[in-house]
Amino acid sequence: MSENIESVLHEERVFNPPEAFAANARIDKARLAELHEKAEKDYEGFWGDLAREEIDWHKPFTRILDDSNAPHFEWFNDGELNVSYNCIDRHLETRGDKAAIIWESDEGDSLTITYKDLHDRVAQFANALKAQSIEKGDRVVIYMPMVPEAVVAMQACARIGAIHSVVFGGFSAEALRDRINDAGAKMVITADAGKRGGRTVPLKKQADTAMEHGCPSIEKMVVYRRAEGDVHMEDGRDVWWHDAIDGQSTECAPEIVDAEHPLFLLYTSGSTGKPKGVQHASAGYLLNAALTNKWVFDLHDDDVFWCTADVGWITGHTYIAYGPLAVGATQVMFEGVPTYPDGGRFWKVCQDHGVTVFYTAPTAIRALMKLGEDIPRNYDLSRLRLLGTVGEPINPEAWMWYHEVIGGGRCPIVDTWWQTETGAHMIAPIPGAEPTKPGSCTTALPGIMADVVDDDGNSVDPDHGGYLVIKKPWPSMLRTVWNNEARFRSSYWEKFDNKYYLAGDSARRDRDGYFWIMGRIDDVLSVSGHRLGTMEIESALVSHEKVAEAAVVGRPHDVKGEAVVAYVICKGDRPTGDEAEAMTKALRDWVTQEIGPIAKPDDIRFTEGLPKTRSGKIMRRLLRSIAKGEEITSDTSTLENEEIIPQLQGKA
Ligand code: PRX
């Protein structure tokens, strides 16, 4: 492990749970200690009891953890259930008229959907899916804007046992096509267009391009009408959402599935060019989704929860589409962006809908912090009682601003560490029971055996960096990488002989046992909280006809966390002046087309060579230092082409 894993952060502040908060919290100190103790003493019994309490089973399970096929761990695998039933139907008697989703559009209109309404919409759309010949086990790709129908579509798939794969609406046609083909999806559900920040995103057009570029498995496309523009509808393949549900019943018996039945795939970036289809299973995922909404977000019946993530990311799955519904909460779902029509939008939504628990990403906090305190002070944020963050380490300065300016000093902050692969929060404070420290995600949740270890798997001493691992399987863990068993094993399990789950992050624990996440150990960047593989961007760049070679690294960025820097070798002469400018634009557009605007390089630097070792390996560490503008002090004599450094630094 390289020296850069050694830890540098020093943060001494500690915030105890405010008394008023702790007094009403679901989990107090004593209960937390009890949960930890039970998990230590009787690991399976701990999860088994929780699974019986939190989930309505159609057929109860008798087995808790099955590790006979490790690292394909299975949970509760002789039990049967339906996830959509657990998120909707079981609340109808007691909460039928309660708001499930309060949706606010980009333009500012709002719509309240009760649990009863949600049931009817989901059942009706589930019947429509069946009428379009979608069956249990079929893969359905959802490429939708942030409208309630995105959640309806996900829940409808779960209701009939179809496996959804949501593709973020910001991904391009090419990225959509690759994900459709990897999943072998039979159907795409999309919208004519999406609305974001006053702009229209042509989703249907992009889905059409994906089809033109080859999606042989797709039989049907369902198109929700969100905008009023004209779109092409292909005869025999495309059907409008409103036509598909027309005449369908609002009753649809949930398909009962095995606990291990795949619930969804979600593609995420790894250290090679191709994204991984992370596959989750039904019962285990549902259990941790429900539990963490209670434990970490402390959701009570009268809370109004708002998670600002898009449903295209795991956060939008666990903390919009499934978790809050599983616990019968009321949540806000927002179509727009934090800065439209102005930088007060988030705070206005909080005020107007009486949000009590608010969950967002550090990048959004930093961007809004830059606009100044006066903006949030114009809004009544007094109903907020708990704040959360996710996606990347939060810098203590942003943490303090969030705490004081948004939370009025009274709201605990839950910094939640987890991943697409973990399904739900893993390391996060229990807000009524645990003190927090700005910049630390605190300690592992009960039943989550997280640790920081060295190359040999031994726990490291306090304040030393190492690999973040989880030492025991947990219910919402990924089950496999779709169609890629080898990658499942090599990415997560081989490093520690199938015993520990390798998260891919480096971390340290302080003397109180608190975790501090230091960053990825692989070539994965976090840009505005979105996970991007450097190799993925590199392969997009080299697929351009004029590019011979490319290397992509991150450099720190004060709002986005990391910015994308690309070093590019062109075929022919190195472009300079106007030619370089034109080429930069062409390549940024190209990456937007190949992956999506989120992956667009911030800087492109043309060079005649990349720093390589004598064995031909690109020295990324050196490139990262150069991208940051650091002086190169390390020994570069092992480089095959030391003379290239001044050019990379822009000095030649
Ligand atoms: O590096 C960690 C970072 O985000 C990665 C997971 O990315 P993704 O699967 O896209 O899921 C993001 C939303 C759960 C992790 O490996 N990360 C996530 N949360 C935190 C974090 N880094 C530091 N602190 C966090 N709270």
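Residues numbered from 1 in each chain as written. Predicted model: local features only at pLDDT ≥ 70, side-chain atom pairs only at ≥ 80, totals over all residues. Heavy atoms only, no water.

Some thoughts on the site of the ligand
Lining the immediate environment of the ligand, one finds 16 residues, of which D415, T416, T420, R520 and R531 sit closest. Within the side chain of R520, an N or O atom sits 2.8 Å from an oxygen atom of the ligand. Contact between the ligand and R531: an oxygen atom at 2.7 Å from a side-chain N or O atom of the residue. Compared with its free state, where it exposes 540 Å², the ligand has 94% of that area covered by protein. If you list the elements that add at least two residues to the shell around the ligand, you get helix 12 (314–326), strand 20 (413–416) and strand 25 (515–520). Looking at the shell around the ligand residue by residue, the class counts come to six nonpolar, five polar and five charged. (Near = heavy atom within 4 Å. Polar contact = N/O pair within 3.5 Å; in protein donor to acceptor, adjacent residues only side chain to side chain. Areas by Shrake-Rupley, 256 points an atom, 1.4 Å probe, with all protein chains shown as cover. Helix = DSSP H or I, 4+ residues; strand = E, 2+ residues; numbered from the N terminus. Nonpolar A, V, L, I, M, F, W, Y, C, P; charged D, E, K, R; others polar.)

Looking at unusual backbone geometry
Along the chain, A70 connects to P71 via a cis peptide bond; the corresponding omega equals 5°. Residue P341 is bonded to the preceding Y340 through a cis peptide linkage, with omega at 0°. Along the chain, P341 falls in the loop between strand 17 (330–334) and helix 13 (345–353). For D298, which is not glycine, the phi dihedral falls at a positive 50°. Residue position: D298 is located in the loop between helix 11 (282–295) and strand 16 (304–307). Given a relative accessible area of 1%, D298 falls into the buried group. (Buried < 20%, exposed > 50% of the residue type's maximum accessible area, 1.4 Å probe, protein only.)

Regarding the pairing of strand 14 (residues 262–268)
Of all seven residues in strand 14, seven are buried, a share of seventy percent or more. Relative to strand 14, strand 7 (residues 163–166) runs parallel, the two sharing two bridges. The partner of S165 across the bridge, within strand 14, is L265. Pairing geometry for strand 14 and strand 15 (residues 276–281), over six bridges, is antiparallel. Across the sheet, the residue bridging to L265 is Q279, located in strand 15. (Pairing = 2+ DSSP bridges.)

Focus: the confidence of the model for the protein chain
Taken residue by residue, the protein chain gives an average pLDDT of 94. The fraction at 70 or more is 98%. Considering only residues more than four positions removed or in separate chains, one finds that residues 1–5, a stretch of pLDDT under 50, has 11 contacts. (pLDDT = per-residue confidence, 0-100. Contact = heavy atoms within 4.5 Å.)

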